[in-house]
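Examining the three-dimensional arrangement
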Amino acid sequence: QVQLVESGGGLVQAGGSLRLDCAASGTIFSFNNMAWYRQAPGKQRELVATITRAGLTNYADSVKGRFTISRGNAKNTMYLQMESLKPEDTAVYYCNAGYQTSSGGPEYWGQGTQVTVSS
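Numbers given for residues are sequential positions, taken from 1 along each chain in its written order. Residues qualify for local features only when their pLDDT is at least 70, as the model is predicted, and side-chain atom pairs are given and counted only at 80 or more; totals for whole chains, interfaces and linings, by contrast, use all residues. Only hydrogens and water are set aside when side-chain values are computed; all heavy atoms of the structure are taken into account.

**Notes on the state of the cysteines**
By definition, disulfides here are pairs of cysteine sulfur atoms that lie within 2.5 Å. If you walk through the whole model with that rule in mind, you get 1 disulfide. The disulfide bridge from C22 ends at C95, spanning 1.9 Å between sulfur atoms. Judged by the torsion about the S-S bond (-75°), the C22/C95 disulfide is left-handed. Taken as a pair, C22 in strand β3 (residues 18–25) and C95 in strand β9 (residues 91–98) lie far apart in primary sequence, 73 residues in all. C95 carries the same exposure label as C22, and that label is buried. Helix numbers and strand numbers start at the N terminus; a helix is a DSSP run of H or I with at least 4 residues, a strand a run of E with at least 2. Whether a residue is buried, partly exposed or exposed follows from its accessible area with a 1.4 Å probe, protein chains only, as a fraction of its type maximum: under 20%, in between, or over 50%, in that order.

**Some details on the packing of aromatic side chains**
Put simply, two rings from Phe, Tyr or Trp (the six-membered ring, in Trp's case) pair if the centres are within 6.5 Å, and we call them stacked under 30 degrees between planes, edge-to-face over 60, tilted for the rest. Tallied over the entire structure, the rule returns 4 aromatic pairs. With 5.1 Å between their ring centres and 45° between their planes, F31 and Y99 make a pair best called tilted. Of the two residues, F31 sits in the loop between β3 and β4 (33–39) while Y99 sits in the loop between β9 and β10 (107–109), which places them 68 residues apart along the sequence. Grouping residues by exposure puts F31 and Y99 together as buried. On the numbers, 6.5 Å between centres and 85° between planes, the contact of Y99 with Y108 is edge-to-face. Residue Y108 is classed as partly exposed on the basis of its relative accessible area, which comes to 22%. Of the aromatic side chains, those joined through ring pairs into one cluster are F31, Y99 and Y108. Positioned over the ring face of Y79 is R19, at 3.9 Å from the centre of the ring. Its end group placed over the ring of Y37, R45 keeps NZ or CZ at 5.7 Å from the ring centre. Each ring is checked for a lysine NZ or an arginine CZ that lies within 6 Å of its centre and within 35 degrees of its normal; such an atom marks a charge sitting over the ring.

**Regarding the pattern of salt bridges**
Definition used for salt bridges: Asp or Glu carboxyl oxygen within 4 Å of a side-chain nitrogen of Lys or Arg. A complete count under the given rule lists 5 salt bridges for this structure. A salt bridge links D61 to K64, with the shortest nitrogen-to-oxygen separation between them at 3.1 Å. When its relative accessible area of 65% is taken as the criterion, D61 is described as exposed. Among the salt bridges present, the one from R66 reaches D89, with a minimum N-O distance of 2.8 Å. Here D89 lies in the loop between β8 (77–82) and β9 and R66 lies in the loop between β6 (57–59) and β7 (67–71), a separation of 23 residues in the sequence. Among the charged side chains, a salt-bridge network with shared partners connects R38, E46, R66 and D89.

In structure tokens:
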């Protein structure tokens, strides 16, 4: 079974940095797409950043210029480098990945990792 596990969350002060990791197990082939989502208390889950198999990236306006999504050399690994963190970045961050195609495909989620930014 495919499993995604996030790590790297924690408590940081405003202006600090943090790197989140996502590692997959039970996979044979590279994911077509990977993404980071986040959900703050009392808020809806939002898309933070995406990266394709080819390395093309997109970011939410709220994190552009501060966050960087990347895929590692190891198969099906992904990172989110977060800089200049703000209290409003506080949320549970989730890894998302799958073998999506134009006709659909399986998609997987990690358990989430807490990021708390203090003021």
